[in-house]
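Now for the letters of each chain:
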Amino acid sequence: MLLTIYDFTRLTTAIHTWLTSKMGDTLVMLSEMVMVGLCTLTFFVVLCLILVYMERKVSAFMQIRMGPNRVGPWGTVQAIADTVKLLLKEGLTPDGADKLLFNFAPILVVAICFAAMAPIAFGKGLAIWDINIGVLYISAISSVGVIGILMAGWSSNNKYSLLGAMRSGAQIVSYELSIGMAVLSIVVLSGSLKLSDIIMAQESGWWIFRGHIPAIIAFIIFIIASTAEINRAPFDMAEAESELTAGFHAEYSGMKFAMFFLAEYVNMFIVCAIGATLFFGGWMPFHIGGLVAFNNVMDFIPSPIWFFGKTFGLIFLIMWFRWTFPRLRIDQLLTLEWKFLLPISMINLLLVTLIAIMGWYF
Amino acid sequence: MATANPIDYLPIIIQFIVAIGFVIFGMIGSHLLGPKKHSKVKDDSFECGIEAQGNARLPFNVKYFLTAILFVLFDVEVIFMYPWAVNFRDNLGNGTWFWEMILFVVFLMLGFLYIIKKGALDWD
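Because the structure is predicted, anything quoted here is derived from the model rather than measured.

## Notes on the overall build of chain B
Logical step 1: A tally of helices and strands in chain B yields three helices and zero strands.
Logical step 2: Each of the 124 residues in chain B was classed as buried or not, and the buried ones make up 15%.

Below, the structure is given as C-alpha cells:
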C-alpha cells in the first residue's frame, strides 16, 4: 500500500477550488491552461540548460578534462551564456532555400517536443494531461518529429543537409518499429495504455525486476532504439560531423539552430522519461512486494525525486553510449534494426504475453 | 474516461500555441538583436568552402524509399497490436487471444522472410 504523502493532486485541487471560487468555469479552464503552459515553458528552458551543462560535464569527465569551468561557479552559467550568444547571432536564410519551410522546420520540431511532454507524470498526480491513450499518443506525436527533420534537410538546398535528413528519416522510421514493440511488452504486462495505470501497476516492484528476462530484453531493445530515435551517437548518422558537416541543420544558425539543439535535448529527456516510467516505475518508489515497512520508508522520498533520479540515470546512460561506441554506417544501422532488433522484439513480445497469461511475473 | 470529448484535447492545442509562440518569439528576438549583413558568398549554401555545384534536390537512392514503404507496412501491423495488448485478457470466456496473435506474427514473419530473401534490405 502506498502512503499518501507528497501527493500533488492535493495541490492542484486546492488551486482549482480557489480559482473556481473566484471566476466562471471557462475562465478557470483557460487560466489553468495558461498556467500549465507557462510552467511547461519554464521547465523546458531550465531542462535544456541543465542537460546542455550535464552533457558537457559528462563528456569532460569521460575524456579526463575539466569541461566548462569559467562562467560562474564550476561553469554552471555556461549554458545561459551560450544561449545569449546564440540569441545575438544572425539567423541566416540561404538564397537557395525554400524560405517558408526553412523557417517552419524549427517551429515544428519544438512544438512536437512540447506536445510529447504532456502525458508524462513528473510526480504523484503531477501530469499535464493524463490521457487514457498516453503511450499511443506519445509514439504517434514523436513520429511527427521526423517530418521536421526532413523539412529542414530538404528546404536548405544543401547536399549535406539532404543526405543527413534522408538518413535520419530512414533511421527514425525503422527504429520506430522495435521501440513500439518494446513499449507494447510493458503495455501487455500492465494492461493499460494510460501512463498513471502503468505506474500504479508497478506498486509492488518495477517491471524490469518483475518481468523476468523478457522485460530486460525489452528494456535493452528500448534503450537501443530510443538512442537511434533521437539521433544520438552511436546512431548520429543524420549529423555525422566528419562526413556531413552538421547534417540536416548545416545551414541553420543563431536561434534557429538553437531550436534544433533544444529539441534534441528535450527529446532525449522525453524518451528517458518514458523508459523510466515503463520499466522503472516512473515516480513509484523502490518497492518490494510484501515488505510493508521497507516500502513505507521508501515512500518518504518525494515522488519527483524518484522520477528525476531514474530519468537522469537513463540520460547519463545515453550520454555514456556516445563516448563508448563508434558510429555505425547507414547499412549497418538498418541491418541492425531490420534483421536483428525487429524479429527479436516480435518474439520477445510473445514471450512477455506468455508470461502475462501464465502469471509467471512476480 | 469512457468517452473522449473533443474538449479533452484542448490542452494539446494550448501546448502547441505556447511552443509556437516560444519559437517565434526566439526567432524574432534573434532577428532584431543580431546583425544583418548579406553578401553573395554568405547567402550561398555551404559546400566544403568551394562554390556550390548545381542543385541539391537531386534524384535520391531508392533504398530510402523502400525502407519507408516497409516501415509503413510493418507499422500498420504494430498498430494492430496496440488494441490487442490492452484487451488480450478480456476474451469471450474461452481462453485468451494468444494463439491468434501467434498466427498473426507467423504470417508477418513469413512476409518478413520474403523481404529478406528478395534482398530488399541489402545495401550494396
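## Examining the overall build of chain A
Logical step 1: Along the backbone of chain A there are 15 helices and zero strands.
Logical step 2: Relative to the globule expectation of 21 Å for 362 residues, the C-alpha radius of gyration of chain A, 21 Å, shows essentially globular dimensions.
Logical step 3: Each of the three principal axes of chain A carries a C-alpha extent, and together these read 65 × 55 × 45 Å.
Logical step 4: Burial analysis of chain A (362 residues in total) assigns 51% to the buried set.

## With respect to the interface of chain B and chain A
Logical step 1: Taken together, the contact between chain B and chain A spans 50 residues of the former and 60 residues of the latter.
Logical step 2: In terms of residue count, the dominant contributor to the side of chain B that touches chain A is helix α1 (residues 10-33) of chain B (17 residues).

## Here we look at the nonpolar core
Residue and element names in this part refer to chain A.
Logical step 1: If you look at the biggest cluster of nonpolar residues, it comprises 130 residues, and the most contacted ones within it are V110 and C113.
Logical step 2: Per-element accounting of this core gives the leading share, 20 residues, to helix α12 (residues 254-280).
Logical step 3: Those residues within four positions of C113 in sequence are excluded, and the remaining contacts are A263, V266, N267 and I270.

## Here's the deal with the environment of A228 of chain A
All names here are of chain A.
Logical step 1: Tracing the chain through its elements places A228 in helix α10 (residues 212-229).
Logical step 2: Separated by 48 residues in sequence, A228 and G180 have C-alpha atoms that sit 13 Å apart.
Logical step 3: For A228, the residues in contact, after removing those within four places along its chain, are Q171, Y175 and F235.

## Comments concerning the confidence of the model for chain B
Logical step 1: For chain B, the mean per-residue pLDDT works out to 78, and 89% of the residues sit at or above 70.
Logical step 2: The ipTM for the predicted assembly is 0.83, set against a pTM of 0.89.

## Regarding helix α15 (residues 330-358) of chain A
Residue and element names in this part refer to chain A.
Logical step 1: The end-to-end C-alpha distance of α15 is 41 Å, a good match for the 42 Å that 29 residues give at a rise of 1.5 Å each.
Logical step 2: Along α15, the helix axis deviates most sharply at L341, where the bend reaches about 35°; the proline P343 sits within four residues downstream.
Logical step 3: Looking at the residues trailing α15, positive phi occurs at G359, about 70°.

## Some words on unusual backbone geometry
Residues and elements named next belong to chain A.
Logical step 1: With phi around 50°, W74 is a residue other than glycine that occupies positive phi space.
Logical step 2: Along the chain, W74 turns up in the loop between α2 (25-62) and α3 (78-87).
Logical step 3: Phi at N157 is positive, roughly 55°, even though this residue is not glycine.
Logical step 4: Residue classification places N157 among the buried residues on the basis of 21 C-beta atoms within 10 Å.

## Regarding helix α7 (residues 159-190) of chain A
Residue and element names in this part refer to chain A.
Logical step 1: End to end, α7 covers 46 Å across 32 residues, agreeing with the expected 46 Å (1.5 Å per residue, within 8%).
Logical step 2: If you look at α7, its biggest bend is around 25°, right at E176.
Logical step 3: Of all 32 residues in α7, 32 are buried, a share of seventy percent or more.
Logical step 4: One or two residues past the end of α7 sits G191, with phi positive at roughly 75°.

## Quick look at the environment of A225 of chain A
Residue and element names in this part refer to chain A.
Logical step 1: As for its position among the elements, A225 is in helix α10.
Logical step 2: Using a count of 27 C-beta atoms within 10 Å as the deciding quantity, one classes A225 as buried.
Logical step 3: Taking the C-alpha atoms as reference points, A225 and A111, 114 residues apart in sequence, are found 22 Å from one another.
Logical step 4: With near-sequence residues (within four places) excluded, A225 lies in contact with Y175, S178, I179, A182 and L341.

## Some remarks on the packing of α7 of chain A against α10 of chain A
Residue and element names in this part refer to chain A.
Logical step 1: Relative orientation of the contacting elements α7 and α10 amounts to 150°, with a least axis distance of 8 Å. Relative to α10, the element α7 lies roughly antiparallel. Every pair of crossing elements has a handedness; the one defined by α7 and α10 is left-handed. Between α7 and α10, the residues in contact are Q171, I172, Y175, E176, S178, I179, A182, S185 and I186 and P214, A218, I221, F222, A225, S226, A228 and E229, respectively.

## Topic: the packing of helix α4 (residues 99-117) of chain A against α1 of chain B
Logical step 1: Running from N to C, α4 of chain A and α1 of chain B cross one another at 140°; their axes reach a closest spacing of 8 Å. Our classification of the angle between α4 of chain A and α1 of chain B gives oblique. Where α4 of chain A crosses over α1 of chain B, the handedness of that crossing is right-handed. In contact with P106, I107, V110, A111, F114 and A115 of chain A of α4 of chain A, α1 of chain B contributes I12, Q15, F16, V18, A19, I20, F22, V23 and I24 of chain B.

## Remarks on the environment of V77 of chain A
Residues and elements named next belong to chain A.
Logical step 1: Counting through the fold element by element, V77 comes out in the loop between α2 and α3.
Logical step 2: Look at V77 and you get partly exposed, because 16 C-beta atoms sit within 10 Å.
Logical step 3: Between the C-alpha atom of V77 and that of Y53, which follows or precedes it by 24 residues, the distance is 8.5 Å.

Reading the values: the criteria
- Residues numbered from 1 in each chain as written.
- Chains lettered and ligands numbered in written order.
- Predicted model: local features only at pLDDT ≥ 70, side-chain atom pairs only at ≥ 80, totals over all residues.
- Helix = DSSP H or I, 4+ residues; strand = E, 2+ residues; numbered from the N terminus.
- Buried ≥ 20, exposed ≤ 12 C-beta atoms within 10 Å, placed from the backbone.
- Rg over C-alpha atoms; globule rule 2.2 N^0.38 Å.
- Contact = placed C-beta atoms within 7 Å.
- Core = buried A, V, L, I, M, F, W, Y, C linked by C-beta atoms within 7 Å.
- pLDDT = per-residue confidence, 0-100.
- Expected span 1.5 Å × (residues − 1).
- Bend = angle between axes of the 7 residues up to and from the residue.
- Axes fitted to C-alpha atoms, helices over the stretch in contact; angles between N-to-C directions.
- Parallel < 35°, antiparallel > 145°, perpendicular 65-115°, else oblique.
- Left-handed = near helix turned anticlockwise from the far one by under 90°.

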